[in-house]
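Structural features, examined
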Amino acid sequence: MEHLSYFINNFIDLSAEASPWLLLGLLIAGLMKAWVPSEILSKHLGRGKSAVVKAALIGAPLPLCSCGVIPVAAELRRSGASAPATASFLVATPETGIDSVSVSYALLGPVFAIYRPLAAIMSAIITGLLVATIKDEKIKKPTTENKKSTSCCTSPAQPEPVTKPITSSCCSSKKMEASLTPTPSSCCSTPPSSSTVAIDTITEPAKPLISKRFVEKTKTGVYYASTQLIDDIIIWLVVGLVFATIIRTFLPNEFLLSYGSGLPAMLLMIAISIPMYICATASTPIAAGFIMAGLSPGTALVFMMAGPATNISTLGVIKSEMGSAVLTRYLLGVALSAIGFALILDYSLSFFAVSITDQMAHSHEMLPQWFGLTCAALIALLAIKPLRKLIF
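So, how was this worked out
Sequence order as written defines residue numbering, which begins from 1 separately in each chain. Local features in this predicted model are restricted to residues whose pLDDT is 70 or higher, and side-chain atom pairs enter the listing and the counts only when it is 80 or higher, whereas totals over whole chains, interfaces and linings include all residues. Computation of side-chain values: all heavy atoms of the structure, hydrogens and water removed. Put simply, DSSP H or I for four residues or longer makes a helix, DSSP E for two residues or longer makes a strand, and each gets a number counted from the N terminus. Burial classes: relative accessible area under 20% of the type maximum marks a residue as buried, over 50% as exposed, and values in between as partly exposed (1.4 Å probe, protein chains only). The criterion used for residue contact is that any of the two residues' heavy atoms lie within 4.5 Å. Here the Shrake-Rupley method, with its probe set to 1.4 Å, supplies the accessible areas, and only the displayed protein chains count as covering residues. Multiplying 1.5 Å by the helix residue count minus one yields the expected span of that helix. One axis fitted to the seven residues ending at a residue, another fitted to the seven starting there: the angle between these axes is the bend at that residue. Here the nonpolar core consists of buried residues drawn from Ala, Val, Leu, Ile, Met, Phe, Trp, Tyr and Cys, with membership extended through side-chain atoms lying within 4.5 Å. Patch criteria: residues need more than 30% relative accessible area and no salt bridge. Like-charged residues are merged within 9 Å; nonpolar side chains of Val, Leu, Ile, Met, Phe, Trp and Tyr are merged within 5 Å. Basic side-chain nitrogens of Lys or Arg form a salt bridge, by our definition, when they fall within 4 Å of a carboxyl oxygen of Asp or Glu. Each Phe, Tyr or Trp ring, with Trp reduced to its six-membered ring, pairs with another whose centre is within 6.5 Å; inter-plane angles below 30 degrees give stacked pairs, above 60 give edge-to-face pairs, and intermediate values give tilted ones. When the NZ atom of lysine or the CZ atom of arginine is within 6 Å of a ring's centre and also within 35 degrees of its normal, the charge is said to sit over that ring. Pairs of N or O atoms within 3.5 Å make up the polar contacts considered here, provided that, within protein, one atom can donate a hydrogen while the other can accept it, and that residues adjacent in sequence are counted only when both atoms are side-chain atoms. Under this scheme, a helix contributes an axis fitted over its contacting stretch, all axes are lines through C-alpha atoms, and angles between N-to-C directions fall in the 0 to 180 degree range. Handedness of a helix crossing follows the sense of rotation of the near helix relative to the far helix, less than a right angle counterclockwise being left-handed and clockwise being right-handed. Gly is placed with the polar residues, together with every amino acid not listed as nonpolar (Ala, Val, Leu, Ile, Met, Phe, Trp, Tyr, Cys and Pro) or charged (Asp, Glu, Lys and Arg). These descriptions rest on fixed angle ranges, namely under 35 degrees for roughly parallel, over 145 for roughly antiparallel, 65 to 115 for roughly perpendicular, and the rest for oblique.

1. Notes on the overall build of the protein
Scanning the protein from terminus to terminus reveals 17 helices and two strands. The buried share of the protein, reckoned over its 392 residues, is 43%. Of the contacts formed within the protein by residues at least 6 apart in sequence, a portion of 83% connects residues at least 24 apart. With the model as given, the accessible surface of the protein reaches about 20,600 Å², and the carbon-plus-sulfur share is 67%.

Written out as structure tokens, the structure is:
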């Protein structure tokens, strides 16, 4: 009974921790869907090594956690970003950010504040390049919406011959005599009269139109994020939070400390971090506690890199959006990069006789729990369709 109570408390704490950043990610993804043309994303985050580097540099400063990045990455992929660029974005964004760099400086000192974001960006590029080695046919195609247009501006490709008089367009009441193979016309192609243009110019000024267009597009983006996008990812989010709660409840920190430091401890840290949910900012005080307890800074760095970049929710979305081949390369890239940069860090600190413990400070709570619980309640409301209909 005691373990059940502890499990529930941990689940609530994790939900409160993840929900504000998840809402931020959903909002960014929805606005990106509404405002950023897919052609721009396809151009800059399409094929090539430059797309991988751009995705890492774009994602690194964003203050999104490993759950908040999921909807943004999913929308990037659906808007034309390549699988390597999407994987690079998925690594760089949760592993570092403006907020986590500042917390790293406060808790772990200037060495970690500089080394951590550099390692995160390089890890993202390495992972993206690994994904780029996969053949195109093994990568799952992005989900797209293919709906037929029903507007008056859409003309049939091959109109049927008619013998009766037909209207010249859906916007006009005048009739014309149809030939055996009439050329279709529409309200979009009919040139307006000069009087109509003059009236439109007077009665519909540009400013209200721009303002109305801004509001409508923003509402469309928010609606998309609150309905279709959250429906696509909510199952994996819940599964990920449950797995993370199990790890936090039944795997005490003392278990990690018993393995000491070095490569065995780093491999164990990788295995534990994969199902765990932890954001870059929240991982920093935990890593500081590991170092104070005796783990090497490199082993703590593995936790700060692999923890945010890999959790069950992220891995599930990668598999569903891009396929198993991408998921395998993604895990390999994150694991190899984390261990490689951790070993370099330990060696460098030893070589230059730098002590991280001398630079450490105390942590503090970033967001109040009541705010996180409010965000969690809102996400639950949006995820349950009958309740969501009360809003939309």
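2. Some words on helix α1 (residues 2-35)
With 34 residues, α1 extends 49 Å between its outermost C-alpha atoms, agreeing within 8% with the 50 Å of an ideal straight helix rising 1.5 Å per residue. The principal kink in α1, of about 35 degrees, is found at Ser19, preceding the proline Pro20 by one to four residues.

3. Some details on the nonpolar core
Core analysis: the biggest nonpolar cluster contains 91 residues, and Leu26, Phe112, Leu301, Phe303, Val326 and Tyr330 have the highest contact counts within it. With 11 residues, helix α15 (residues 324-352) is the single largest residue contributor to this core.

4. Focus: a nonpolar patch on the surface
Together, Leu27, Val222, Tyr223, Leu378, Ile384, Leu387, Leu390, Ile391 and Phe392 give the surface a local cluster of nonpolar side chains, amounting to about 810 Å² of exposed area. Secondary-structure assignment places Val222 in helix α9 (residues 206-250).

5. What about the packing of aromatic side chains?
Within this structure, the stated rule accounts for five aromatic pairs. With centroids separated by 5.5 Å and ring planes inclined at 80 degrees, the aromatic side chains of Phe290 and Phe303 adopt a geometry described as edge-to-face. Of this pair, Phe290 sits in helix α12 (residues 280-293) while Phe303 sits in helix α13 (residues 297-309), and the two are 13 residues apart along the sequence. Of the two residues, Phe290 and Phe303, neither departs from the other in class, the shared state being buried. Here the aromatic rings of Tyr347 and Phe351 are separated by 6.1 Å at their centres, their planes lie at 20 degrees, and the arrangement is stacked. Separated by four residues within a single helix, Tyr347 and Phe351 lie in helix α15, roughly one turn from each other. Residue classification places Tyr347 among the exposed positions, given a relative accessible area of 57%. Overall, the relative accessible area of 58% leaves Phe351 in the exposed class. Taken together, the aromatic side chains of Tyr347, Phe351 and Phe352 make up a single cluster linked through ring pairs. Above the plane of the ring of Trp35 lies Lys217, whose end atom (NZ or CZ) is 5.5 Å from the centre.

6. Quick look at the side chain of Ser15
By secondary structure assignment, the location of Ser15 is in helix α1. Not counting chain neighbours up to four residues away, the residues in contact with Ser15 comprise Leu241, Gly372 and Ala376.

7. Considering the pattern of salt bridges
Applying the stated rule across the entire model yields two salt bridges. The salt bridge involving Glu321 is made with Arg78; its shortest N-O contact spans 2.8 Å. One end of the pair, Glu321, is in helix α14 (residues 312-322); the other, Arg78, is in helix α4 (residues 69-78), with 243 residues separating them in the sequence. With a relative accessible area of 9%, Glu321 lands in the buried category.

8. Quick notes on the environment of Lys217
If you trace the backbone, Lys217 turns up in helix α9. Take Lys217: its relative accessible area is 26%, and that puts it in the partly exposed class. Separated by 182 residues in sequence, Lys217 and Trp35 have C-alpha atoms that sit 7.0 Å apart. Within the structure, the side chain of Lys217 is placed 3.1 Å from the backbone oxygen of Ala34, a separation counted as a polar contact.

9. Considerations on the packing of helix α3 (residues 49-59) against helix α7 (residues 110-131)
The N-to-C vectors of α3 and α7 enclose an angle of 145 degrees; their axes lie 9 Å apart at closest approach. Note on packing geometry: the crossing formed by α3 with α7 is right-handed. Contacts between α3 and α7 involve Lys49, Val52, Val53, Ala56 and Leu57 on the former and, on the latter, Ile121, Ala124, Ile125, Gly128 and Leu129. Partitioned by chemical class, the residues of the contact of α3 with α7 number eight nonpolar, one polar and one charged.

10. Remarks on unusual backbone geometry
The residue Ala353 is not glycine, and still its phi comes out positive at about 55 degrees. Structurally, Ala353 can be placed in the loop between α15 and α16 (369-383). According to the relative accessible area criterion, Ala353 is exposed, its value standing at 68%.

11. Digging into the environment of Leu301
With respect to the helices and strands, Leu301 occurs in helix α13. By relative accessible area, Leu301 is classed as buried at 0%. When the C-alpha positions of Leu301 and Leu345 are compared, they lie 8.6 Å apart, and in sequence the two are 44 residues distant. The contact partners of Leu301, leaving out residues within four places of it in the chain, are Phe112, Tyr115, Phe341, Ala342 and Leu345.

12. Details of the packing of α1 against α4
Their axes nearest at 7 Å, the elements α1 and α4 cross at an angle of 20 degrees. Looking at the two axes, α1 sits roughly parallel to α4. For the crossing formed where α1 meets α4, the hand is right-handed. Contact residues: Leu22, Gly25, Leu26, Ile28, Ala29, Met32 and Lys33 in α1; Pro71, Val72, Glu75 and Leu76 in α4.

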